[in-house]
Structures are given as structure tokens and as C-alpha cells.
Amino acid sequence: MQALRSPKLLRTEILAGLVVALALIPEAISFSIIAGVDPRVGLFASFTMAVSIAFLGGRPAMISAATGAIALVIAPVMREYGLDYLIATVLLGGVLQILLALAGVAKLMRFIPRSVMVGFVNALAILIFLAQLPHLIGVPALVYPMVAAGLLMIVLLPRVTQVVPSPLVAIVVLTTIAVVMSLHLPDVGEEGELPDSLPSLFFPDVPWTLETLKIIAPYALAMALVGLLESLLTAKLVDDITDTHSEKTREAWGQGAANVITGFFGGMGGCAMIGQTMINVKVSGARTRISTFLAGVFLLILVVGFGDVVAIIPMAALVAVMIMVAVGTFDWHSVQPSTLRRMPKSETTVMLATVVVTVVTENLAIGVAIGVIVAMTLFARRVAHLAEVQREIVEAEDGSVSAVYTVYGELFFASSNDLYTQFEYAADPEQVTIDLTSSHVWDASTVAALDAIETKYHRKGKQVTIVGLNVASTTLHGRLTGQLPGH
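Predicted model, so just to flag it, every value in this text is computed and none were measured. (Residues numbered from 1 in each chain as written. Predicted model: local features only at pLDDT ≥ 70, side-chain atom pairs only at ≥ 80, totals over all residues. Heavy atoms only, no water.)

Peer 1: An account of helix H11 (residues 274–283) is needed here, citing residue identities and associated values.
Peer 2: Counted residue by residue, H11 has eight buried out of ten residues, so it is predominantly covered. Turning to H11, its buried residues are Ile274, Gly275, Gln276, Thr277, Met278, Ile279, Asn280 and Val281. For H11, the secondary structure elements touched by its buried residues are helix H2 (7–35), helix H6 (114–130), helix H9 (210–242), strand S2 (271–272), helix H12 (289–305) and helix H14 (315–329). Remark: Gly285 follows H11 within two positions and exhibits a positive phi of approximately 80°. (Buried < 20%, exposed > 50% of the residue type's maximum accessible area, 1.4 Å probe, protein only. Helix = DSSP H or I, 4+ residues; strand = E, 2+ residues; numbered from the N terminus. Contact = heavy atoms within 4.5 Å.)

Take a look at the structure:
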């Protein structure tokens with residue numbers, strides 16, 4: 001690995017890991033609160049997820065840890081059934097992720113349009129910023145100048161030197177100011193109690209019965225899908241930022257394996273964290289698995305060995321870091337007036353739908369799913385009108401007259417619905433030819449439409465001949481024609 005042979009690259013990876021670890025602590029604690037578990041459950045999950053995925057994952061430099069999306073999904077299990085059932089849910093969720101990965105779920109990523117990806121990124125930036133508001137509302141007035149000072153350091157320091165990541169400098173400087181001047185500010189220690197021991201093996205005490213499976217399976221499946229969606233979308237985003245390729249299938253089963261490992265250490269499970277990944281890749285410049293591994297290791301060392309020191313870090317410093325992450329994550333080009341003027345309205349609609357649904361539900365998986373559905377609907381509407389029919393009356397040498405209809409475009413459920421109305425059944429002569437050389441039959445709806453057209457002509461005593469079908473269309477038409485109900 002090149003980073004191990006280059007002191008400069010290695011220093012970048014080490015410092016990036018440290019910055020990410022510091023930023024992970026308050027987030028892991030807050031996600032633990034969302035899930036209704038002790039802070040140690042979220043912190044240990046972040047440690048085991050980061051360390052495991054560093055070896056198992058398919059996207060170097062991506063950070064996986066306890067996340068809000070997973071916490072929201074599994075919180076009802078904790079609330080209604082307790083910690084043992086929650087851990088059993090995490091274990092089953094991990095197993096389902098491995099099975100989905102082996103089934104090829106990563107290949108479905110190509111069906112997510114660019115406009116949904118842009119919406120996903122923008123929504124995430126908004127959610128990261130909104131998550132900081134509780135630390136900025138109803139707090140001592142001193143918090144605001146501290147946050148402002150942190151933002152200035154993060155923005156201006158890279159112009160002077162890039163030896164040390166500016167977020168790390170901001171955290172150290174603001175903590176030092178708060179301690180030396182004895183400022184009474186909200187700090188990490190107030191977010192929750194930090195653990196003082198290492199994680200140990202944990203086996204959930206639940207009855208391994210069908211009844212238990214019925215309880216945990218729906219939540220485990222939701223956790224598996226949300227985790228894979230967030231992780232694969234984040235991996236794709238890092239691919240774009242770093243101009244490199246990642247192994248999506250490996251990342252998918254790696255997430256599952258990491259969740260199984262996390263469950264057996266009493267962690268609440270997790271997935272890729274786009275905010276921390278942006279700190280690692282975009283802000284700190286990390287590019288390898290070393291930073292991911294060290295983020296987990298530093299996290300454990302900091303909370304267990306240096307818990308007293310970490311507890312005094314003012315939240316203002318970490319809020320400043322996360323605000324800059326939100327600003328850096330948002331795709332500002334996508335909302336520029338010049339871009340909006342050039343972009344088709346359908347693309348902008350898809351992006352906005354993804355953003356609005358994600359922000360309102362605070363669930364990235366729901367937002368992306370709605371975005372994809374809106375994109376599919378608008379695409380179907382657009383291509384539905386691309387099927388064109390041209391009619392020509394042809395007179396043969398023997399004096400017989402026939403109507404020849406030439407169909408252009410793709411024929412599927414949306415476009416074939418209009419096909420039936422584009423023929424002049426009463427006015428046509430006895431011989432009708434439908435030429436499909438310039439089109440393609442994609443589904444049963446089109447075969448049903450062609451059957452309906454033939455049936456209507458037959459009722460009027462007219463003969464229909466379909467010509468020009470390509471091989472795939474011939475196969476589908478031959479298999480389904482006359483077999484569909486209603487015709």
C-alpha cells in the first residue's frame with residue numbers, strides 16, 4: 001500500500017482517522033439516544049463497524065459506524081422488546097445483507113438516476129445541518145462566537161497550511177480556549193456517559209423460535225435495505241469524488257458481515273456515514289482503508305482511555321466541523337439559476353422530490369425510493385408519446401387495396417395504451433398490415449394491445465397481418481398472443 005511507504009500520505013490518513021473519531025463520538029451518543037440504548041451500545045457499534053469494514057468493505061476510505069437511519073429503524077424493537085431483541089435484529093439484518101449482496105443487489109444501483117443522487121446528496125447536507133440546530137438553540141451566547149471561530153479556522157487554515165486537517169486544529173484550539181478561560185459551554189460529556197471498559201462478546205438472550213423471527217424479521221429487513229442503500233449510494237459518491245472505482249458487491253456483503261460482528265459485541269449496528277466519510281475524504285484528504293481502521297481504533301482509545309479529556313471538548317467545535325461538512329456536501333451547482341434553466345423540468349422535479357421527502361421523513365431510503373418512483377413515472381410519461389403510427393393505402397398490381405400501418409418507437413405499457421386508438425377500423429380496406437420493423441415489443445401490455453387491434457378488425461371481417469417483428473419481439477408475441485384475458 002502506497003500510504004505505508006509515504007510518510008506524508010500516512011500522516012494524512014492518521015490525522016483524518018483522528019478527526020473522524022472525534023466527530024463520531026457525539027454522533028454515536030446521539031444515535032444511541034434515538035435508538036433508546038445506553039451510549040456505550042452506539043459507541044461500541046461505531047468502533048466495531050469502522051474496524052470491520054476497513055478489512056471487509058469494497059470502498060476504501062469510506063466510514064461506517066452507528067447511524068441515525070439504522071437507529072430510527074430499530075428503535076421500536078428496543079422500546080417494545082428490549083436490548084436482547086434489538087441485538088438479535090442487528091444480527092439477522094447483517095445476515096440478510098450478506099444474502100442480498102450474494103443475490104446481486106449492488107447491480108440495482110445503476111437504476112438510480114443522477115437526479116436522485118443529486119437529491120440524495122443535497123438532502124443529506126440539509127439533514128446534517130439540521131442535526132446541529134439543537135446545539136445552537138437555547139444555548140449560552142458564548143456558543144455562537146465559538147462556532148464562528150471554528151468555521152473561520154476550518155475555512156482559512158488550509159490556505160496557510162495543509163499539514164494538519166483544519167477541523168482537528170479547530171477542535172484542539174476551541175477546547176483549549178474553553179478550558180483555559182473556564183468557559184461554561186455544552187460539551188461532549190453532557191451528551192451521555194462514556195464507557196470505561198472494552199467491548200466484550202454478547203449473545204442475545206432470546207428464544208430462537210418462529211415467534212421471535214416474526215417479531216424481528218420486519219425490522220431486520222428494513223435495517224438491511226436502509227443500510228445497503230445508504231452504503232452503496234455513499235460508495236458511489238466517494239467513487240465520483242476520488243475518480244476511483246469500488247467493489248459494490250464486496251461493500252454490500254462487507255456491511256452485512258460488519259453488522260454481524262457488531263451484534264456479537266453488543267453494538268446497535270450501522271452502515272456507511274456520509275457526513276463522516278465527507279470529513280475523511282473531502283476535508284481531510286484520506287484515500288485508503290488505514291483512515292477507516294484508525295477512526296475506529298482512535299474512537300475506542302479516546303472514549304475508554306481518554307474519556308475525561310474527550311468529555312470537555314465543547315460541542316461548538318464539533319458543530320462547526322459538521323456545518324462545514326454540510327456546506328461541502330451540498331451540490332451548489334445543482335441549484336444555480338443557470339443550471340436550473342438548462343436542466344429539464346423533470347430532472348429538477350425528481351431532485352426536489354428526493355430532497356423534500358428525505359428531509360421530511362428524515363429517512364434517506366424512503367427519499368431515494370420516492371425519487372426513483374417519480375423518475376420512472378416521468379420517464380414513462382415522456383416516452384409514452386414517442387410511439388408514432390403512420391398510415392398508407394397501398395394498391396397492388398392485381399388491383400387489391402390494403403392499409404399499411406408503420407409503427408415507430410418503443411412499445412410498452414405506457415405507449416401501447418395509445419396504440420389501439422390510432423387505427424381507422426371502419427375506413428380501412430379488408431387487408432391490413434401492421435409493420436413493426438421500426439419498433440420493439442417490450443411487454444404483455446403491448447401484446448394485449450395488438451391482440452385487441454386484431455380482434456376489432458376481425459369483427460369487421462378484415463384480415464390483419466403483423467410483419468417486421470425482431471427476434472425478441474417475435475418470441476414474446478408468439479408466447480403471449482391469444483393467451484391474455486380480455487381479448
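Peer 1: Before we move on, could you go through the nonpolar core and cite the residues and values that matter?
Peer 2: Most often, soluble globular proteins have nonpolar side chains that are buried together. If you look at the biggest cluster of nonpolar residues, it comprises 103 residues, and the most contacted ones within it are Ile25, Leu86 and Met268. Apart from residues no more than four positions distant in its own chain, Leu86 is found in contact with Val37, Ile74, Val77, Met78 and Met268. One finds Ala403, Val407, Leu476 and Leu480 within the second-largest nonpolar core, a separate group that totals 21 residues. (Core = buried A, V, L, I, M, F, W, Y, C linked by side-chain atoms within 4.5 Å.)

Peer 1: Please give an account of the environment of Phe44 that cites residues and values.
Peer 2: With respect to the secondary-structure elements, Phe44 resides in helix H3 (residues 39–56). Spatially, the C-alpha atom of Phe44 lies 30 Å from that of His245, the residues being 201 residues apart in sequence. Excluding residues that lie within four positions of it along the chain, Phe44 makes contacts with Pro195, Ser197, Leu198, Pro199 and Leu300.

Peer 1: Report on empty space enclosed by the protein, specifying residues and quantitative values.
Peer 2: Under the counting rule described, the total for this entry stands at two cavities of 30 Å³ or more. Space inside the largest cavity adds up to approximately 110 Å³. The wall of the largest cavity is formed by Arg114, Ser115, Val118, Asp331, His333, Ser334, Thr339, Leu340, Met343, Glu347, Thr348 and Met351. Those elements that provide at least two residues to the lining of the largest cavity are H6, helix H15 (337–342) and helix H16 (345–361). Of the residues that constitute the lining of the largest cavity, the class distribution is four nonpolar, five polar and three charged. Taken as a whole, the second largest cavity spans an internal volume of roughly 40 Å³. Along its surface, the second largest cavity is lined by Ile53, Ala54, Arg59, Pro60, Ala61, Met62, Ser64, Glu251, Arg289 and Thr292. Of all the elements in the fold, those that place two or more residues in the lining of the second largest cavity are H3 and H12. By residue class, the composition of the lining of the second largest cavity is five nonpolar, two polar and three charged. (1 Å grid on protein atoms, 1.4 Å probe; cavity = no way out; pocket = protein on both sides within 12 Å on 5 of 7 lines; lining within 4 Å. Points joined across faces, edges and corners; volume = space filled by probe spheres on them. Nonpolar A, V, L, I, M, F, W, Y, C, P; charged D, E, K, R; others polar.)

Peer 1: Describe in detail the pairing of strand S4 (residues 401–411), supporting the description with residues and values.
Peer 2: Within S4, eight of the eleven residues are buried, which leaves the element mostly enclosed by the surrounding structure. In terms of strand pairing, strand S3 (residues 388–395) meets S4 through eight bridges, oriented antiparallel. From the neighbouring strand, Ile393 faces S4, where its bridge partner is Ala403. The turn linking S3 back onto S4 is made up of five residues, and Gly399 within it adopts a positive phi angle of 95°. As paired elements, S4 and strand S5 (residues 431–441) share nine bridges and run parallel to each other. Across the sheet, Gly409 pairs through a bridge with Ser439, a residue of S5. (Pairing = 2+ DSSP bridges.)

From the geometry alone we can't say anything about function, so treat these as descriptive.
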